[in-house]
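# Report on the structure
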2 protein chains.
Amino acid sequence: MEYRAIAPEKAYTIFNGGGILLVCTRSPESRYNLAPIAWTCPLDYEPVTQLLFVCDPSHATFHNIEATGTFIAALPTFRQKELVLKTGEVSGKNIDKFERFGIPSRRGEVVDALVPEGVAGWAECEVSQIYRPGEVAIVCGTVKAAFAVPEAWKLVLHHVERDLFYRPGESV
Amino acid sequence: MEYRAIAPEKAYTIFNGGGILLVCTRSPESRYNLAPIAWTCPLDYEPVTQLLFVCDPSHATFHNIEATGTFIAALPTFRQKELVLKTGEVSGKNIDKFERFGIPSRRGEVVDALVPEGVAGWAECEVSQIYRPGEVAIVCGTVKAAFAVPEAWKLVLHHVERDLFYRPGESV
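- In the nomenclature of an unreviewed UniProt entry, chain A is known as Flavin reductase domain protein FMN-binding protein of Winmispira thermophila.
- Looking at chain A in UniProt, the text filed under Cofactor (unreviewed entry) is "FMN".
- Per UniProt, the comment on chain A under Sequence similarities (unreviewed entry) is "Belongs to the flavoredoxin family."

## With respect to the relation of the copies chain B and chain A
- You can overlay chain B on chain A at an RMSD of 0.0 Å; the transform is a turn of 180 degrees with a shift of 0.0 Å along its axis. With respect to symmetry, the two chain copies, as superposed, fit the operation of a two-fold axis.
- When you check the interface residues of chain B against chain A, 100% turn up at the interface there too, and the contact is symmetric in its surfaces.

## Thoughts on the environment of A:Trp153
- Residue position: A:Trp153 is located in the loop between β10 (137–148) and β11 (158–161).
- For the pair A:Trp153 and A:Glu117, spaced 36 residues apart in sequence, the C-alpha to C-alpha distance is 17 Å.
- What A:Trp153 contacts, discounting residues up to four positions off in sequence, is A:Pro168, A:Gly169, A:Ser171, B:Val160, B:Leu164 and B:Tyr166.

## Side note on the sheet that holds β11(A)
- Pairing is antiparallel across the open sheet formed by four strands, whose spatial order is β11(A)-β12(A)-β12(B)-β11(B). Only two strands of the sheet have a single neighbouring strand rather than two, namely β11 of chain A together with β11 (158–161) of chain B. Across the sheet, the axes of successive neighbouring strands diverge by a mean angle of 45 degrees, strand direction being ignored.
- Where β11(B) meets strand β12 (residues 164–171) of chain B, three bridges bridge the pair, whose relative direction is antiparallel. Note that in β12(B) the partner of B:His158 across the bridge is B:Tyr166.

## Overview of the interface of chain B and chain A
- Between chain B and chain A, the residue contacts involve 74 residues of the former and 74 residues of the latter.
- Interface area, chain B with chain A, both sides summed: about 6,000 Å², of which 72% is carbon and sulfur.
- Across the contact surface, chain B and chain A share zero salt bridges.
- At the surface where chain B touches chain A, the tally comes to ten residue pairs in polar contact (both at pLDDT 80 or more).
- If one sorts the elements of the side of chain B that touches chain A by residue count, β12(B) sits on top with eight residues.
- Among the residues making up the side of chain B that touches chain A, the classes are represented as 49 nonpolar, 13 polar and twelve charged.

## Here's the deal with the packing of aromatic side chains
- Counted by the stated rule, this structure contains nine aromatic pairs over all chains.
- Here the aromatic rings of B:Trp122 and B:Phe147 are separated by 5.0 Å at their centres, their planes lie at 35 degrees, and the arrangement is tilted. Taken together, the residues B:Trp122 in strand β9 (residues 121–131) and B:Phe147 in strand β10 (residues 137–148) connect sequence positions 25 residues apart. The same class applies to B:Trp122 and to B:Phe147, which are both buried.
- Over the ring of A:Phe78 we find A:Arg167, and its NZ or CZ is 3.8 Å from the ring centre.

## Describing helix α2 (residues 81–88) of chain B
Residues and elements named next belong to chain B.
- Those residues of α2 that fall on the buried side of the exposure criterion are Lys81, Leu83, Val84 and Thr87. Buried residues in α2, looked at end-on, bunch into an arc of 165 degrees, giving them a common side.
- Tucked into the core, α2 has its buried residues touching β2 (21–26), β3 (32–37), α3 (97–101), β8 (114–116) and β12.

## Describing the pattern of salt bridges
Residue and element names in this part refer to chain B.
- In the structure shown here, the tally under the stated rule is twelve salt bridges over all chains.
- With a shortest N-O distance of 3.8 Å, Glu126 and Lys144 are connected by a salt bridge. With Glu126 in strand β9 and Lys144 in strand β10, the pair connects residues that are 18 residues apart, well separated along the chain.

Quick notes on the rules
Residues numbered from 1 in each chain as written. Chains lettered and ligands numbered in written order. Predicted model: local features only at pLDDT ≥ 70, side-chain atom pairs only at ≥ 80, totals over all residues. Heavy atoms only, no water. UniProt positions renumbered as here; feature names shortened; annotations may be inferred. Least-squares fit on C-alpha atoms with pLDDT ≥ 70 in both. Contact = heavy atoms within 4.5 Å. Helix = DSSP H or I, 4+ residues; strand = E, 2+ residues; numbered from the N terminus. Pairing = 2+ DSSP bridges. Axes fitted to C-alpha atoms, helices over the stretch in contact; angles between N-to-C directions. Buried area = accessible area lost by both parts, 1.4 Å probe. Salt bridge = Lys/Arg side-chain N within 4 Å of Asp/Glu carboxyl O. Polar contact = N/O pair within 3.5 Å; in protein donor to acceptor, adjacent residues only side chain to side chain. Nonpolar A, V, L, I, M, F, W, Y, C, P; charged D, E, K, R; others polar. Phe/Tyr/Trp six-rings, centres within 6.5 Å; stacked < 30°, edge-to-face > 60°. Buried < 20%, exposed > 50% of the residue type's maximum accessible area, 1.4 Å probe, protein only. Lys NZ or Arg CZ within 6 Å of the ring centre and 35° of its normal. Arc of directions from axis to C-beta.

Written out as structure tokens, the structure is:
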């Protein structure tokens, strides 16, 4: 194998493999929001699944989560790359992205947020911990309910960097 | 899309998409170790990349990291599934996995740990934060040096559950 050095400020690009989330929230004023989050992983599975994701605490998603203590983590499919890109380009602080982009959605079963249609699955979560290392936030949530299509792993959308995304390949 | 409910204790399986790590460490007694870690993501990229991974604090990897304050996060390729499985089946507390399994390796450039040959890339890290929500540990590390093959994202190994792994597919 021929390795090349990667600048430490770019090293994240090789660890970017997780399935992208659309984190769906509701503001204290009842504006629904959704935003793509690429940095996420499970945190535990006993007695129930917990997830974590990393976000910018200046964004509407974080403010909404602090206010409501809940969120829905939806997994867009590789066919929803455009939805991921456009919902990441504007802030939910001032606009309703569901209205702006005409995104069909359904209400969560136990969390008051909107899940976009066409996702591979979603988990409805209560916030359990928020950590603030440096300039970012690590939001940890306990899954209260989850739904997915069979073999959802075949549909998830992975991000590498900028507009380079990939879909899952074969099982090995 | 036809969704099925997933038990909260199994919901983690649909969020398991990140590239698996082999976390490489050294014990205070200078025994080198490596262990597969599936739950990981970037944490920041300015001014340099930080990574996080979730681990069991009772494992040798965590003890080694607490003792040395360093680790190397290596990305095995989809051809290294067997290496991932076998290094996950035994504890590095009592045996030297590199010797036991005859794993060819190289020393890190700045961190004293061994990187197995054939990985897609690796990052040599200093621990920046350790959080302990409940029964698990979130280890955060700052990248001091990183190396990878070109287009490393095409080679990483993803885990779904049990022995179901997949390789990356096409870019979208």
